[in-house]
Amino acid sequence: MKHYKSYMDRQEISPAVHEKLLNLEPPKGRSGPSWVRYGALAACAALLIGVGVWKLAPAPVQKPVQSGSQLTLDSAGTSQDHPLQSDAAQSGTAHSRFVVNSPAEGGKLAFPMLPGINYQDITDWPQADACRVYMPGSFMVDLEKEDIQAVFWGPEGKPQTEHPKTEQGDLPWMLFWDGYALQGRALYDGQGQLMELTIWGEQGRASFDLEMRVGGLPFTCCIDLDRGDEISEFNGVSIAGWSQVYDRDGDGRDDYICGSEFMTKNDIGVRFVNRNSSMQSEYVPGGDMELGGAQTFNALFVRQALTGGLSLDHLKTAESVPAWREEEFSSLAQARQEADFAPYLPISEPAGYGANSGNKEFYGRYSYQEDTQNMLFVRWSRGYDNVEVCVYRDGYQSFNLVSPDQPETYDLSLYPIPWCDSVPKEHRETVNSPAFRAEDMSLEIVEARGREHDTGGLTYSFDVLHPDGTLVSYRCDGMTAQQVWALVEGTL
């Protein structure tokens with residue numbers, strides 16, 4: 001732990017962000033409840049958050065029922081515990097995605113009166129790049145169309161109305177979500193209790209994220225970069241709103257982003273963030289019509305949520321909970337007691353990392369979730385150097401397989417730093433994280449994966465795919481190629 005703390009103490013942020021942090025002043029005109037500033041603290045019981053470039057753990061792998069992943073604080077700065085997982089969890093499944101259709105007589109619908117929300121401009125405020133770490137046993141379930149409908153209509157379901165000004169379509173028409181492709185996902189803890197629900201929507205350049213949580217605001221970064229929220233009020237509920245205008249995707253066009261947070265009267269915490277809008281509007285007199293359109297879209301949701309209501313009762317408990325197991329180990333010998341993993345683990349501690357090598361720490365963890373994850377991770381630490389071996393069982397599918405006959409796909413000696421300039425786009429994934437068949441492994445391949453480490457010496461990273469589908473990931477600092485090869489050779 002002391003090495004992690006020392007390493008983090010040496011990290012720096014950009015001069016621009018540093019200057020902004022130094023010049024933060026107490027917000028002016030601030031009013032309203034303190035949950036806007038401190039609501040994130042409740043998330044600490046469930047999530048750890050990294051700031052800056054740290055990638056602690058990706059979202060759970062996409063499955064009909066999905067596993068979460070967890071890292072302890074000790075490994076947050078040095079370990080990529082799941083280096084091979086993809087972004088599949090963000091894509092959703094085809095059966096759970098649907099396009100919203102509004103009433104056929106939409107032209108006769110009256111535009112509702114909008115709540116007045118102060119969407120303060122926070123474009124120039126420091127931004128924290130956060131990444132979640134999931135609790136052991138947590139899992140995700142894709143929402144069906146009926147699940148999303150029940151969020152807005154409650155357990156009684158869609159109103160049976162025929163008048164053109166009350167007929168609803170797929171969802172309440174006052175959301176103005178017509179034409180948006182929607183998908184949703186519920187996050188549950190290891191006991192099957194709802195932790196958070198998220199609904200995504202997309203229509204061309206326009207998109208939104210709706211997060212909801214029972215009993216508190218949705219999880220967020222634990223670091224409080226106080227926005228100085230000026231609280232608005234609608235229908236007896238306090239609302240914090242904000243906006244940003246900048247080119248977030250690098251396409252040369254400004255994006256108009258609006259967000260709002262509030263607690264409903266039935267104790268559901270809500271965060272709604274939309275980017276751009278198909279409508280243009282003068283939400284604020286004399287204001288930018290594009291920004292006004294984004295603000296109007298956000299305010300329409302707030303109005304519907306606080307007049308029509310939101311309900312999560314039908315999703316509070318999962319129908320089934322996948323079996324899971326988490327266990328930590330204090331030694332390699334203890335980890336090797338797991339018979340299915342022992343053949344792929346080092347027989348002895350890495351050279352220079354043994355019990356008599358001075359400053360040495362060991363961490364091991366087994367993580368299993370039914371139909372999703374079955375892996376064992378061990379790490380030795382010596383100062384700022386680490387040796388990590390992660391074994392994935394049960395046919396782990398996410399890896400970048402390469403052939404020894406194509407050195408351009410993995411040989412780091414061919415590419416000078418910075419790699420963003422020297423590595424061809426088509427080889428970036430394999431050069432960054434290649435996987436080799438066990439029968440192809442050799443000392444020469446290990447040597448090709450060596451590069452300078454920021455603490456001195458060399459570091460090596462690669463994966464080995466065994467004939468039975470087991471994948472072993474190696475991340476080794478402060479060792480020679482021969483020492484790394486000794487770790488691998490004993491498992492072949």
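Up top you'll find the structure we're talking about.
All figures in this text were calculated on a predicted structure; none of them were measured in a lab. (Residues numbered from 1 in each chain as written. Predicted model: local features only at pLDDT ≥ 70, side-chain atom pairs only at ≥ 80, totals over all residues. Heavy atoms only, no water.)

**Student:** Explanation requested: the overall build of the protein chain in the structure shown.
**Tutor:** Looking only at helices and strands, the protein chain has ten helices and 21 strands in total. Considering the protein chain as a whole, with its 492 residues, one finds that 50% of them fall into the buried category. Intrachain contacts of the protein chain at a sequence separation of at least 6 include 68% that bridge at least 24 residues. (Helix = DSSP H or I, 4+ residues; strand = E, 2+ residues; numbered from the N terminus. Buried < 20%, exposed > 50% of the residue type's maximum accessible area, 1.4 Å probe, protein only. Contact = heavy atoms within 4.5 Å.)

**Student:** What should I look at first to understand the pattern of salt bridges in this one?
**Tutor:** Here the idea is simple: oppositely charged side chains can pair when their charged atoms come close. For the coordinates displayed, the defined rule picks out 16 salt bridges. Among the ionic pairs, glutamate 327 bridges to arginine 325, the shortest N-O distance being 2.5 Å. A relative accessible area of 29% places glutamate 327 in the partly exposed class. Each of the salt bridges in this network shares a partner with another, and the network as a whole consists of Arg205, Asp251, Arg253 and Asp255. (Salt bridge = Lys/Arg side-chain N within 4 Å of Asp/Glu carboxyl O.)

**Student:** Help me out: how do you make sense of the nonpolar core in this one?
**Tutor:** As a rule of thumb, soluble globular proteins bury nonpolar side chains together. Within the largest apolar cluster, 47 residues are counted, with the highest numbers of intra-cluster contacts made by Phe152, Trp177, Leu182, Leu210, Met212, Phe262 and Phe301. Ranked by residues supplied to this core, first place goes to helix α5 (residues 289-307) with nine residues. When neighbours within four sequence positions are excluded, phenylalanine 152 is seen to be in contact with Leu171, Pro172, Leu175, Trp177, Leu210, Phe301, Gly308, Gly309 and Leu310. Within the second largest apolar cluster, 35 residues are counted, among which are Phe341, Phe362, Val391 and Val446. (Core = buried A, V, L, I, M, F, W, Y, C linked by side-chain atoms within 4.5 Å.)

**Student:** Sorry, what's going on with the pairing of strand β7 (residues 181-188) here?
**Tutor:** Side chains on a regular strand alternate between the two faces of the sheet. Most of β7 is tucked away: eight of the eight residues are buried. Burial along β7 is two-sided: Ala181, Gln183, Arg185 and Leu187 and Leu182, Gly184, Ala186 and Tyr188, pointing in opposite directions, are all buried. Relative to β7, strand β3 (residues 98-99) is paired through two bridges, and the arrangement is antiparallel. Bridging across to β7, valine 99 finds its partner in alanine 181. Note that strand β6 (residues 139-142) and β7 share four bridges and pair antiparallel. (Pairing = 2+ DSSP bridges.)

**Student:** Would you explain the packing of aromatic side chains in this entry?
**Tutor:** To describe a pair of aromatic rings, one takes the distance between the centres and the angle between the planes. Within the structure shown, the criterion is met by 19 aromatic pairs. Where tryptophan 177 meets phenylalanine 301, the ring centres are 6.3 Å apart and the plane angle is 5°; that geometry is what we call stacked. Of this pair, tryptophan 177 sits in the loop between α4 (145-153) and β7 while phenylalanine 301 sits in helix α5, placing them 124 residues apart in sequence. A ring pair is formed by tyrosine 410 and phenylalanine 436, whose centres lie 5.0 Å apart and whose planes are at 85°; its orientation type is edge-to-face. (Phe/Tyr/Trp six-rings, centres within 6.5 Å; stacked < 30°, edge-to-face > 60°.)

**Student:** Whenever I open this one, the pairing of strand β13 (residues 268-275) confuses me. Can you help?
**Tutor:** Burial within β13 is extensive, with eight of its eight residues counted as buried. Burial along β13 is two-sided: the face carrying Ile268, Val270, Phe272 and Asn274 and the face carrying Gly269, Arg271, Val273 and Arg275 are both buried. Pairing geometry for strand β9 (residues 206-214) and β13, over eight bridges, is antiparallel. Across the sheet, the residue bridging to glutamate 211 is arginine 271, located in β13. Across seven bridges, strand β12 (residues 255-263) lies against β13 in antiparallel orientation. Looking at the pairing, glutamate 261 lines up with arginine 271 of β13.

**Student:** What is the right way to look at the environment of proline 346 in this model?
**Tutor:** Mapping proline 346 onto the fold places it in the loop between α6 (332-335) and β15 (361-369). A relative accessible area of 4% means that proline 346 is categorised as buried. Placed 141 residues apart in sequence, proline 346 and leucine 487 show a C-alpha to C-alpha distance of 5.6 Å. Discounting residues that sit within four places of it in the chain, proline 346 has contacts with Leu332, Arg336, Trp380, Val389 and Leu487.

**Student:** For this particular structure, what's the right way to read unusual backbone geometry?
**Tutor:** A negative phi holds for most residues other than glycine; trans holds for most peptide bonds. That bond from isoleucine 417 to proline 418 is cis: its omega, 10°, falls within 30 degrees of zero. When you line up the elements, proline 418 lands in the loop between β17 (385-392) and α7 (419-422). Within the chain, phenylalanine 176 stands out as a residue other than glycine whose phi angle is a positive 60°. Looking at where phenylalanine 176 falls in the secondary structure, it is placed in the loop between α4 and β7. Relative accessible area serves as the criterion here: at 26%, phenylalanine 176 is assigned to the partly exposed category. Of note, aspartate 267 is a non-glycine position whose phi angle comes to about 70°, a positive value. Residue position: aspartate 267 is located in the loop between β12 and β13. With relative accessibility at 39%, the residue aspartate 267 sits in the partly exposed group.

Everything listed is a geometric property; what it means functionally is a separate question.
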